[in-house]
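Read off the chains here:
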Amino acid sequence: MIYVGCDVGSLSGEAVIIEDDSIIKYEIIRVRPRPEQTAFEVTKKALAEAKMSFDDIDYCVSTGYGREKIPFSKGSISEISCHGRGAQWANPSVRTIIDIGGQDAKVIKVDKLGYMVDFVMNDKCAAGTGRFLEGMAKVLGVDLEDLAALSSEAASPVALTKTCTVLAQFEVLYMLNDGIDRSNIAAGINRAMAERISKLVRRVGIKEGVAITGGVAKNFAVVQSLSEVLGLQFVSLGEVDPQIVGALGAALFAKERWQKARQREATPTGGNKETKSVYV
Amino acid sequence: MLILGCDVGAIATKTVIFGDTGIVAYDITVNNGNLKKVVEKSVDTAISKAGMLLECIEVKAGTGMGEQYIPFEHTTEGIIKCLAVAVHRIHPHARTIVDMGGLITTVISISEKGKVLEYRTSDKCASGSGFFLKLAAQALELNVEDLGDIIIPCGERAHMGTQCAVFGESEIVSHMNDGEAPEKIVAGINYSLGSSVATMINRLGGIQDIVATGGVAKNKSVLRAIEEILGMEVITLSSIDEQLVGALGAALCAQQRMQQ
């Protein structure tokens with residue numbers, strides 16, 4: 001059976017294809033102007049990689065902020081639930097997930113089955129989200145992906161005084177004007193990011209078994225700073241790319257829904273039809 | 001006697017040459033690239049417009065967040081005092097000044113004599129700043145100067161759900177993708193900015209006359225939004241460009257200091 005999870009975020013879209021109990025293929029693309037377009041293109045790309053077509057999908061669940069606009073999905077589930085489920089599948093010891101996306105940051109606590117118990121989220125301010133790093137990389141004139149490598153060359157990291165993404169960009173501009181080394185600025189940026197996230201984490205508290213997901217988890221300098229600030233080691237997600245955890249969770253929910261639907265069909269008494277959209 | 005006043009802000013550098021008859025010449029240069037060079041250029045332009053040489057100017061004064069980039073000897077004064085002195089000189093009835101700059105909005109309450117009583121500044125967050133308008137204009141592919149000309153009935157404004165300048169830019173893009181009319185989006189942006197500024201004015205008591213300065217004060221639609229929310233009139237100074245008030249204040253402060 002082929003199950004697909006599709007996560008349409010604010011900056012990127014991800015699709016994961018699972019068959020039985022393993023990931024066959026996944027794809028990540030930059031968002032297109034409309035969420036349905038992003039969903040279609042990223043899913044098509046992943047299917048092509050797996051030499052499949054849309055007809056081969058048995059069940060698809062969508063998540064992310066554009067989740068309700070995806071025509072080929074049979075249901076949508078909030079990204080908070082999906083991150084919990086995805087991270088739990090990747091590593092069963094996970095109890096807290098720090099997800100840093102393009103335009104928000106969340107801390108999600110889950111039980112031993114991966115179901116959400118508590119969460120806290122920042123979607124009001126760009127500080128502490130991917131947009132912060134993106135803006136900073138632009139001012140420094142480096143690719144977002146190179147920010148971590150640049151900061152590892154730092155001898156004495158700077159301390160940023162501004163939290164706001166826009167104001168911090170100007171602060172960095174002034175530092176560049178003053179001839180401060182770019183690697184020291186990059187290290188200061190990654191540190192500022194980690195400190196902002198740690199404030200969010202402290203609002204909800206942590207339970208041992210902390211995983212970090214989302215695109216920002218690929219910036220090892222931020223991850224290392226955050227682990228220092230929080231005084232803990234993150235648990236590994238194994239082979240799973242941290243950016244696809246939401247989509248993976250959606251695919252796992254797709255599998256669960258499909259199996260439940262089969263069970264209902266098999267039991268003559270359970271007659272209620274499945275609904276198009278169910279919110280968990 | 002001639003006094004040079006230079007205000008190095010976040011987005012632009014402003015220079016005025018102030019003589020016995022008032023402002024003789026001025027310049028506004030957008031900060032692009034090396035700040036020291038921008039300041040030099042702005043000062044040179046103002047001086048040559050006045051037909052002068054830097055050596056001929058007896059007093060030089062600086063203010064603004066980039067004041068340290070002024071490459072010659074000068075007296076310095078904080079921007080808050082500069083604004084208070086200049087606004088009081090031009091409009092003695094002013095009791096509240098709303099300076100809406102490129103990055104920071106400052107609300108200052110002043111006494112009948114022009115003394116600073118209290119002030120609030122938005123130096124933690126760029127939500128109500130001119131930079132937000134700049135990002136918005138870029139997203140909409142419009143000139144930032146033209147955003148203020150759009151005034152439409154309040155019921156037709158596009159809703160802005162976020163205060164954050166960075167997220168605001170994305171929200172504008174999704175409004176555009178949803179086919180919302182650009183003028184409705186612009187009206188929504190102006191209203192959102194006006195409402196964050198109005199909140200700041202309210203916190204300081206909002207005593208009239210309220211005078212708006214800074215680049216954003218050129219945006220009439222933002223001013224109307226503030227008036228609509230406060231139910232009070234917000235005026236601009238007709239005798240001077242809104243962006244030059246800080247630089248003029250620097251010159252006036254230097255003049256006061258000499259007279260003492």
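In this report, the structure presented in the accompanying data block is examined. (Residues numbered from 1 in each chain as written. Chains lettered and ligands numbered in written order. Predicted model: local features only at pLDDT ≥ 70, side-chain atom pairs only at ≥ 80, totals over all residues.)

When helices and strands are counted, chain B shows 7 helices and 10 strands. Taken over C-alpha atoms, the radius of gyration comes to 19 Å for chain B, in line with the 18 Å a tight globule of 260 residues would show. Dimensions of chain B, computed from C-alpha atoms along their principal axes, come out at roughly 60 × 40 × 30 Å. In chain B, once contacts between residues fewer than 6 apart in sequence are set aside, the share between residues at least 24 apart is 70%. (Helix = DSSP H or I, 4+ residues; strand = E, 2+ residues; numbered from the N terminus. Rg over C-alpha atoms; globule rule 2.2 N^0.38 Å. Contact = placed C-beta atoms within 7 Å.)

This next bit is on the interface of chain B and chain A. If you look at the interface, chain B gives 15 residues, while chain A gives 16 residues. The element best represented in the side of chain B that touches chain A is helix 4 (residues 165-177) of chain B, accounting for 5 residues. Looking at side-chain class alone, the side of chain B that touches chain A contains 10 nonpolar, 4 polar and 1 charged residues. (Nonpolar A, V, L, I, M, F, W, Y, C, P; charged D, E, K, R; others polar.)

Right, let's get into the environment of V172 of chain A. Tracing the backbone through its elements, the reader meets V172 of chain A in helix 5 (residues 165-177). With 16 residues separating them in the primary sequence, V172 of chain A and G188 of chain A have C-alpha atoms 9.7 Å apart.

Here we come to the nonpolar core. Within the largest apolar cluster, 156 residues are counted, with the highest numbers of intra-cluster contacts made by C6 and A251 of chain A together with A251 of chain B. Take this core: its biggest share by element is 10 residues, from helix 5 (residues 182-203) of chain B. Those residues in contact with A251 of chain A that sit more than four places away from it in its chain are Y3, V4, G5, V16 and I18 of chain A. (Core = buried A, V, L, I, M, F, W, Y, C linked by C-beta atoms within 7 Å. Buried ≥ 20, exposed ≤ 12 C-beta atoms within 10 Å, placed from the backbone.)

Before going further, it helps to spend a moment on the sheet that holds strand 3 (residues 22-30) of chain B. In sheet architecture, strand pairing relies on hydrogen bonds along the backbone and comes in two forms, parallel and antiparallel. All names here are of chain B. Strands sit in the order 3-2-1-4-5 across an open sheet of 5 strands; the sheet is mixed. Looking at strand neighbours, the two that pair on one side only are strand 3 and strand 5 (75-76), the edges of this open sheet. Of the pairings in the sheet, the one linking strand 4 (residues 59-63) to strand 5 comprises 2 bridges and is parallel in character. Looking at the pairing, G62 lines up with T76 of strand 5. Seen against the sheet, helix 7 (residues 245-259) touches strand 1 (3-8), strand 2 (12-19), strand 3, strand 4 and strand 5 and runs at an angle of roughly 135° to strand 1. (Pairing = 2+ DSSP bridges. Axes fitted to C-alpha atoms, helices over the stretch in contact; angles between N-to-C directions.)

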